[in-house]
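Below are the chains, spelled out letter by letter.
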Amino acid sequence: MDTTGIPHRPGRLPVIGDLIGADVRTPLQDTVRIGKTLGPIFTRKFLGLELVFVSGVDLVAELNDETRFGKYVGLGLKHLRALGGDGLFTAHTNEPNWRLAHDILQPAFHAEAMRGYHPIMLDVARELVASWDAATGPVDVSADMTRLTLETIGRAGFGYRFGSFERTEPHPFVAAMIRALRFAQLSNVPLPLVRRMVASSKRQNRADLALMTGLVDEVIETRRRSGEDSRDLLGLMLSEGHPETGEKLDPVNIRNQAITFVVAGHETTSGALSFALYYLTRHPELLARAQAEVDAVWGDREPEFAEVAKLRYVRRVLDEAMRLWPTAPGYEREARADVLLGGRYRMREGDWVIVPLPLLHRDPAAWGPDAESFDPDRFEPAAVRKRPAHAYKPFGTGERACIGRQFALHEAVLALGMVLQRYELEPDPDYRLEIVESLTLKPSGFTLRPRVRTDSTLGRV
Ligand code: MNH
């Protein structure tokens, strides 16, 4: 798009642009740092590639208007299509398979379906608790939250057990996935050095994609042969037709959806749980408040389905953690026709911009001058009503927003509640938050020492 008049970092150089100081491992965190000083719209330029970032709440409200803008599958997502193909996350909205799969899979996230996932989610949370009970030292929080969420989507979506809590190393699918995500991310970087790196890992990438596809094909084949008629994600994909036309998903699309759901269905939720635990353990008074809520609402029992959503404060803790570090840290919007963004930035049909969510979620116009502080009370209903509707978008926007939102929130509140119910959590006082970026954000090197509580009835064993 025409970027004249849009601010950028001072010191932009001819040819290389803003390259100096940019770190390929932390593109999002670099953008957050730079964007804080530049305001609601800015650009970053790397060699021939100039990216436009829009983070002010008013401009984002315009971008979220579905009549004028839609999801753009480019940049980050373009290379992800090697993994997800025409699966829901990486499909173009005008590809027929997007609407078809969306309509077929939507029922898997309705309240009735969620009720069916509850016992499975509970089982997995029990496995987490068992592993923390057995821990003799600090636990790696991000690794254990990833075990929990991978296991949950595997079992609830596909009836497949990754055996995450029985392994000391991540499941091979996860290792392959992490490399493949990294490969996709680096494929965007227009630097000769990175291009050579990417070129030299092509063979590994092929092997990683083959491993993921192979596993998914095996899971699908096992289900087909079993003749089992489960209404989980895989069951819907295999047996259900479109509610109006009866059209079914083709086998290649089912494979793409399976990979998509396993990846999209666990990385983000895992990070959200880890950030929530990070902030809670940095703020003992908030931790105590969350714990008091769990004790009051659940007591020493395991929660029934309907008791999970009653943890209002725990939910706000998660909301606030996803405000500061939205684990899917952005989305891209494309103009449906020529338009003047904010009445002054000219976009032609097909021009697109990036919405960096951590910056939107810190926009002082919506969040005030102390936007950097962690305060779950920002999500009290009265406070939410006072804010512009588009100030908080951790699950994206419009018809391409997250289909798994309810699934993620039920799983995360349940797991966080169970952890708070049972443990005192002692942080490492020297830990400084460090965030690793792949497709998603996660705290790195964050450990806790869980000790079974002695101050609650449940804690006494
Ligand atoms: Mn999820 C899309 C964030 C959990 C499956 N998800 C999105 C988008 C965001 C997002 C943002 C929109 C991206 C874009 O516009 O390009 N998702 C999250 C977060 C969590 C999350 C922050 C957890 C916390 N997502 C889940 C879970 C599942 C899931 C759990 C599956 C069980 N998400 C999806 C799928 C899409 C999506 C599928 C694509 C939907 C579509 O475009 O039709």
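The sections below set out a description of the structure shown in this document. Note that the structure is predicted; figures quoted are calculated from it, not measured. (Residues numbered from 1 in each chain as written. Predicted model: local features only at pLDDT ≥ 70, side-chain atom pairs only at ≥ 80, totals over all residues. Heavy atoms only, no water.)

So, the environment of Arg147
Applicable threshold: Put simply, DSSP marks the helices as runs of H or I at least four residues long and the strands as runs of E at least two long, and each gets a number from the N terminus on. Buried residues are those whose accessible area, probed at 1.4 Å on protein chains only, stays under 20% of the maximum for their type, while exposed residues exceed 50% and partly exposed ones sit between those limits. Residues count as neighbours in contact if any of their non-hydrogen atoms are within 4.5 Å of one another.
Relative to the elements of secondary structure, Arg147 occurs in helix 6 (residues 141-158). Residue class for Arg147 comes out buried when judged on its relative accessible area of 17%. Note: C-alpha distance between Arg147 and Glu267 (120 residues apart in sequence) is 9.9 Å. If sequence neighbours within four positions are ignored, Arg147 has contacts with Ser164, Phe165, Arg167, Thr168 and Glu169.

As for the pattern of salt bridges
This is how the line gets drawn: When a carboxyl oxygen of Asp or Glu is within 4 Å of a side-chain nitrogen of Lys or Arg, the pair counts as a salt bridge.
What the rule picks out here adds up to 34 salt bridges. A salt bridge links Glu62 to Arg68; the shortest N-O distance between them is 3.7 Å. On the accessibility criterion, Arg68 (30% relative accessible area) is partly exposed. For Glu426, the salt bridge identified is with Arg451, shortest N-O distance 2.4 Å. Highlighted residues: Glu426 in strand 9 (residues 423-427) and Arg451 in strand 12 (residues 447-452), separated in sequence by 25 residues.

Side note on the nonpolar core
Defined as follows: Among buried residues, the Ala, Val, Leu, Ile, Met, Phe, Trp, Tyr and Cys ones that are joined through side-chain atoms within 4.5 Å form a nonpolar core.
The biggest cluster of nonpolar side chains holds 116 residues, and the ones touching the most others in it are Trp132, Phe158, Met212, Leu277 and Leu416. Counting residues per element, this core draws most heavily on helix 5 (residues 111-134), which supplies ten residues.

Looking at the coordination of the manganese atom of the ligand
Note the threshold: With water excluded from the atoms, a metal site may look incomplete; its donors are any N, O or S atoms within 2.8 Å, or within 3.2 Å for Na, K and Ca.
Just one protein atom donates to the manganese atom of the ligand; it is Cys402 (SG), sitting 2.4 Å from the metal. Among the structural elements, Cys402 can be located in the loop between helix 18 (381-386) and helix 19 (405-422).

Side note on the packing of helix 3 (residues 76-84) against helix 7 (residues 172-186)
Threshold: Orientation is described by lines fitted to C-alpha atoms, with helices fitted over the stretch in contact, and by angles between N-to-C directions that extend from 0 to 180 degrees. Any angle that is under 35 degrees is reported as roughly parallel, and any over 145 degrees as roughly antiparallel; angles of 65 to 115 degrees are reported as roughly perpendicular and all others as oblique. Throughout, a crossing is termed right-handed when the near helix is turned clockwise from the far one, and left-handed when it is turned anticlockwise from it by less than a right angle. Residue polarity follows a fixed list, in which Ala, Val, Leu, Ile, Met, Phe, Trp, Tyr, Cys and Pro are nonpolar, Asp, Glu, Lys and Arg are charged, and the others, Gly among them, are polar.
At a minimum axis distance of 8 Å, the contact between helix 3 and helix 7 shows a crossing angle of 150 degrees. The orientation of helix 3 relative to helix 7 falls into the category roughly antiparallel. Judged by the twist between their axes, the crossing of helix 3 over helix 7 is right-handed. Contact residues: helix 3 offers His79, Leu80 and Leu83, while helix 7 offers Ala180, Leu181 and Ala184. A class-by-class count of the residues in the contact of helix 3 with helix 7 yields five nonpolar, one polar and no charged.

Keep in mind these values describe shape, not function.
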